[in-house]
There are 2 protein chains.
Amino acid sequence: MKQAIYNIGVENTMKIIGGKWKPIILCHLKHGAMRTGELRRAIPNITQKMLTQQLRELEDDDIVNRKVYNQIPPKVEYSLTAYGQSLNKILEELCVWGENDIDRRKANGENIILLNREDVPNDSLPYAD
Amino acid sequence: MKQAIYNIGVENTMKIIGGKWKPIILCHLKHGAMRTGELRRAIPNITQKMLTQQLRELEDDDIVNRKVYNQIPPKVEYSLTAYGQSLNKILEELCVWGENDIDRRKANGENIILLNREDVPNDSLPYAD
DNA sequence: CCCCATAGGTACTTTTTAGTATCTACCCCA
DNA sequence: TGGGGTAGATACTAAAAAGTACCTATGGGG
């Protein structure tokens, strides 16, 4: 059995939900189950390979559930497991923080664009300056 | 001027606080200012190069403040900026989630060790099964 | 004079991660 | 017969991230 040693909790968290694609996938799945093709369309630039690879890893970590419908053409739905949903709040906050940060930079003159602003919980920013 | 395009907020967040070392550095700094050497000791395995490199990037993004004391031998203190502190809650949650996840896996028979459990807010786990 | 401690820069190499291209399977439909 | 539509596997290549080794500066102390 391989032994894993971490110095701080966040190290483990990032191993599970870190990387280029996992946070994005999870932020989409937190709204409900999605088919493979839906995820592909929702996440421009992701390749089929990276999508399935990351989903498999999330499955292995009991974050994502894979449901296969036995039909032709194939239909597969991905969703957060009950355990994966314990990440919902964090995922939401990561999204919102990033959105507000983009606003802040834009106000600061940076040329930065956010295409899909899905989380707009309220009008009070966590940080205003 | 270079244009940045994001599809979803979390993409931006991860660009700023993602990677192998940044979340760890930030989780340490959220307790207060630390000297370079303190950070190095607090984060085993990080190299001087990675530490300063990541700190410079966090500085560029207005997350971390660098204070140089003009003395010999040199003394430099790093701390979260006021803006960087808007990440405090998220950082805390990332730490705690990782800690609880390690407990969960350990209970599940995995050989996994957490050396520094710094965030123990209460006895109610976000997810118990 | 040389080494200590401190903080940091830089060229180069290795490792990890991600991307590309091509392959499978299945049934339907024209 | 040969597409389309779905989901996915795999070998190979490219790019990004991290690690290694060695260099700088400064003043004090032995």
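Scroll up for the structure.
Source: prediction; values computed, not measured. (Residues numbered from 1 in each chain as written. Chains lettered and ligands numbered in written order. Predicted model: local features only at pLDDT ≥ 70, side-chain atom pairs only at ≥ 80, totals over all residues. Heavy atoms only, no water.)

A. The arrangement of the relation of the copies chain A and chain B in detail. With an RMSD of 0.0 Å, the operation that places chain A on chain B is a rotation of 180° combined with a shift of 0.0 Å along the axis. Such a combination of rotation and displacement between the chain copies is what one expects of a two-fold axis. Counting the interface residues of chain A, we find that 100% of their copies in chain B are interface residues as well, pointing to one common contact surface. (Least-squares fit on C-alpha atoms with pLDDT ≥ 70 in both. Contact = heavy atoms within 4.5 Å.)

B. How the structure looks around the sheet that holds strand β2 (residues 34-35) of chain A. Residues and elements named next belong to chain A. Reading across from one edge, β2-β4-β3 is the order of the three strands in this open sheet, with antiparallel pairing throughout. In this open sheet, the two edge strands, each paired with only one partner strand, are β2 and β3 (64-69). As paired strands, β3 and strand β4 (residues 75-80) are joined by six bridges and run antiparallel to one another. Across the sheet, residue Arg66 finds its bridge partner in β4, namely Tyr78. Packed onto the sheet, helix α4 (residues 48-60) meets β3 and β4 and runs at close to 115° relative to β3. (Pairing = 2+ DSSP bridges. Helix = DSSP H or I, 4+ residues; strand = E, 2+ residues; numbered from the N terminus. Axes fitted to C-alpha atoms, helices over the stretch in contact; angles between N-to-C directions.)

C. Structural context of the packing of aromatic side chains. One pass over the full model with this rule turns up two aromatic pairs over all chains. The side chain of Lys75(A) reaches across the aromatic face of Tyr69(A), ending 4.5 Å from its centre. Its end group placed over the ring of Tyr83(B), Arg104(A) keeps NZ or CZ at 3.4 Å from the ring centre. (Phe/Tyr/Trp six-rings, centres within 6.5 Å; stacked < 30°, edge-to-face > 60°. Lys NZ or Arg CZ within 6 Å of the ring centre and 35° of its normal.)

D. View of the pattern of salt bridges. Applying the stated rule across the entire model yields 18 salt bridges over all chains. Notably, a salt bridge pairs Lys22(B) with Glu57(B), separated by 2.7 Å at the nearest N-O pair. Within this pair, whereas Lys22(B) is found in helix α2 (residues 22-29), its partner Glu57(B) is found in helix α4 (residues 48-60), the two being separated by 35 residues in sequence. As a salt-bridge pair, Arg105(B) and Asp101(B) come within 2.7 Å of each other at their nearest N and O atoms. Placement of both Arg105(B) and Asp101(B) in helix α5 (residues 88-107) is noted, with a separation of four residues, approximately one turn of the helix. Across the pair, exposure class does not vary: Arg105(B) and Asp101(B) are buried alike. Look at the salt bridges and you will find they share partners, linking Asp61(A), Asp101(B), Arg105(B) and Glu110(B) into a network. (Salt bridge = Lys/Arg side-chain N within 4 Å of Asp/Glu carboxyl O. Buried < 20%, exposed > 50% of the residue type's maximum accessible area, 1.4 Å probe, protein only.)

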